[in-house]
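# Tertiary structure, described
Each chain is listed here by its residues.
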Amino acid sequence: MDETFLGPVSLACDDLCEVLTNVNDKNEREKKIVEHIKHCTNLTKGGKMVDFKPGLEWFNVSKALSLKKDLKGKVVVLDFFTYCCINCMHILPHLKLLEEEFTVQDGVVVVGIHSAKFDNEKDSGNIKAAVQRYGITHPVMNDSEGSMWNTLGIACWPTLLVLGPEHEVIYMSMGEGNMDLLFLVVRNAVTFYRQQNQLSNHALPTAPSMHLLSQATDSLLFPGKVASFWRKNDQVSQWLAVSDTGHHRIVLLTEDLRVEHVVGGLEPGFKDGSFTEAQFNCPQGIAFQNNEILLVADTENHAIREINLKTLRVTTVAGNGTQGSDYTGGGLKVEQKLSSPWDLCIVKCPDSDAQVLLIAMAGLHQIWALFLEGGLWWKKKKYAAGTCVAIAGNGKEQNHNNAYPHAAAFAQPSGLALAEQLQAVFIADSESSSVRKLSLTDGRVSAVVGGDRNPFNLFCFGDADGKQYDAKLQHPLGVAWSSKEATLYVADSYNHKVKAVDVQNNTCRTVMGSGHAGDSCTPGAEQFSEPGGLCVRVDGSALYIADTNNHCIKMLSIPDGKLVKLDISAASVQKNLQPGESNETEVFLSPLGGTISLTVCYTLDKQLSLTDGAPQKWNIRLPDSTWLAEPSSGEFTSQLKLQLTVPSGKPNSISRATLSHRLFVCEGATRCSLKNIHLSIVVHYCPSASTSISHKFEHIVP
């Protein structure tokens, strides 16, 4: 007869947290833990788990696992999670550290038990995508109907159970705040069971899901958010920025979708520096502060980063890489710890033009503000530049609206959109499956569409058009405001749809999407797969959609309703724009400004030749309209001569102009390709330099 287990709440062995209450000495704590493990191991009734239910789908292994066979002789950590849950995401790095400390051969195995909250999360294809997106490498089981969840009496996400080698339960942890104790239990369990010769070093039938992803690094991988901005240069054109979340980088494109900068990647990390040195960890929200500054919600680094498009460097402006648990804030810049910032938008102080960055702080269920400039906020409260502070939400995970912003409550806010003419910010409140509104005049939080009147009901989701609470969404992650149409667009992520909201009448309608995951742009049969973000083109003519699980950006033409997939390739990572490399040249000019007579000589690699009949074009991009170039564009020539007229500048400062070529080349008779060549001209304003200089630069096209 199988052993039975009635659930963690009915364990005969005492709760370990209670056992360790007021025990601060390290040796005494470890002694108590070992005594606890012995006690649980000696139980003969009610302390062992039944085996996993057969017939369920597994990931990262080639066959379904069994406690009695595959995991016998292992200390097993069961992680009950659902992939929408920010608290579940927070413990994944800790579990990875545990797996680095103890391998399967050491006798320790982590097993994820995915118990869905949302209907969309029951689908194995969506779980596989989440496993890939979050880099989960341990075995994961799809407990789609919650059979194990119900049998064991699990009460919340995340819940961790630690089992001994005979699948006896020795520890249970609920929530995300007990990682130190988890490590202590596992370490002492390994020592104890190893002394008893009960651990086995046998391997598991692994089959990592990550291997099923495309290995192409020039394409996007789980893009999270997208943003656009008018770039005021020698001509008015558009920046388009994409958080290439799965590749831990930011991709910036020009009006014609040419990749101009790739910042960070491809491995996660936390590092400031040049565009090739900098590292991010699953960046999400992005917001342009101006033509030169892009701000990034570096989600898993719990930080806000600044990308400077003039100096070509990344710096950290808030957070320090460590997850915070402070629900008030008020610290300056990197001194203030953050928790999973998910989206951003720029607003102004109510009575001035001082810029403020609003942050959807998903990990704390709040809205925060980073004051980019000093200014007065609600109730005339003054904040210094660099202050990062909670401005709405009390930190409780609820769908509670209130006239007082700190009395309101959110549930994992994940998307922000400014409607300047309404003096309001709209919020995609993902775990309550609703859209909320935050007034910028007084901080009032109010309902727009979705969710439930009961603030404690976070399970009121679905897929229905309608008015306010009759409308139903499923875990929306993104919102975008069209001032031209006075319409709010919503990325209804788990319904795989784009919806539109009339915010005056609080009505919601489906714009596009079948309600099922897919990747079609066919008129009348358009599909998305968990779209995570969207933005309106700055002229209001189109909607850009980060179609996350389809690894692409799609563009919906607002006038005619046509959907297209954008061809974005990040193959030419812009190493050429980094200081000190061979395709960057430095010139020294007086701070008074002047002229630069530039000669650029090109040599094609001996393996290459220009493609006959193909257009070979070049153009130069200048820092702003006060610069002039003659000529400013033309046909490719092996020796290009042009003259730059440069305005005055601050002594010892620098500016950059970029000379770009779009060349079609062939290697041999058949292998032809497009090369985007970018040469950075770095102008140093040096007090001892002349106002008129000549400079020659030689470049080999590889």
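Residues numbered from 1 in each chain as written. Predicted model: local features only at pLDDT ≥ 70, side-chain atom pairs only at ≥ 80, totals over all residues. Heavy atoms only, no water.

### With respect to the sheet that holds strand β28 (residues 466-467)
Strand order across the open sheet formed by five strands is β28-β32-β31-β30-β29, with antiparallel pairing between neighbours. Two strands lie at the open edges of the sheet, namely β28 and β29 (478-482), each paired on one side alone. Where strand β30 (residues 487-492) meets strand β31 (residues 497-502), five bridges bridge the pair, whose relative direction is antiparallel. Along β31, the bridge assignment pairs A491 with V498. (Pairing = 2+ DSSP bridges. Helix = DSSP H or I, 4+ residues; strand = E, 2+ residues; numbered from the N terminus.)

### What about empty space enclosed by the protein?
In this structure the tally under the stated criterion is three cavities of 30 Å³ or more. Around the second largest cavity, the lining comprises 17 residues; the ones closest to its centre are R133, Y134, Q284, W342 and L477. Its residues placed into classes, the lining of the second largest cavity shows seven nonpolar, seven polar and three charged. (1 Å grid on protein atoms, 1.4 Å probe; cavity = no way out; pocket = protein on both sides within 12 Å on 5 of 7 lines; lining within 4 Å. Points joined across faces, edges and corners; volume = space filled by probe spheres on them. Nonpolar A, V, L, I, M, F, W, Y, C, P; charged D, E, K, R; others polar.)

### Notes on the pattern of salt bridges
Throughout the structure, instances matching the rule amount to 22 salt bridges. Of the charged contacts, one joins K554 and D519 as a salt bridge, the two residues approaching to 2.8 Å between their closest N and O atoms. With a gap of 35 residues between them, K554 in strand β35 (residues 552-557) and D519 in the loop between β32 (507-512) and β33 (533-536) connect regions that are remote in the sequence. Among the residues examined, K554 registers a relative accessible area of 0% and is labelled buried. (Salt bridge = Lys/Arg side-chain N within 4 Å of Asp/Glu carboxyl O. Buried < 20%, exposed > 50% of the residue type's maximum accessible area, 1.4 Å probe, protein only.)

### Let's talk about the side chain of E168
Looking at the secondary structure, you find E168 in the loop between β5 (159-163) and β6 (169-174). One polar contact links the side chain of E168 to the main-chain amide nitrogen of E166, over a distance of 3.0 Å. (Polar contact = N/O pair within 3.5 Å; in protein donor to acceptor, adjacent residues only side chain to side chain.)

### Some words on the nonpolar core
With 49 residues, the main nonpolar core has V77, I170 and L182 as its most contacted residues. Those elements that provide at least two residues to this core are α2 (26-41), β2 (75-81), α3 (86-101), β3 (108-114), α4 (124-133), β5, β6 and α6 (179-195). Element by element, the count of residues in this core is highest for α6, at eleven residues. Apart from the residues within four sequence positions on either side, I170 is in contact with H36, I37, C40, V162, L163, G164, V185, A189 and Y193. With 28 residues, the next largest nonpolar core counts W618, W627, L663 and I693 among its residues. (Core = buried A, V, L, I, M, F, W, Y, C linked by side-chain atoms within 4.5 Å. Contact = heavy atoms within 4.5 Å.)

Coordinates in, geometry out; function isn't part of it.
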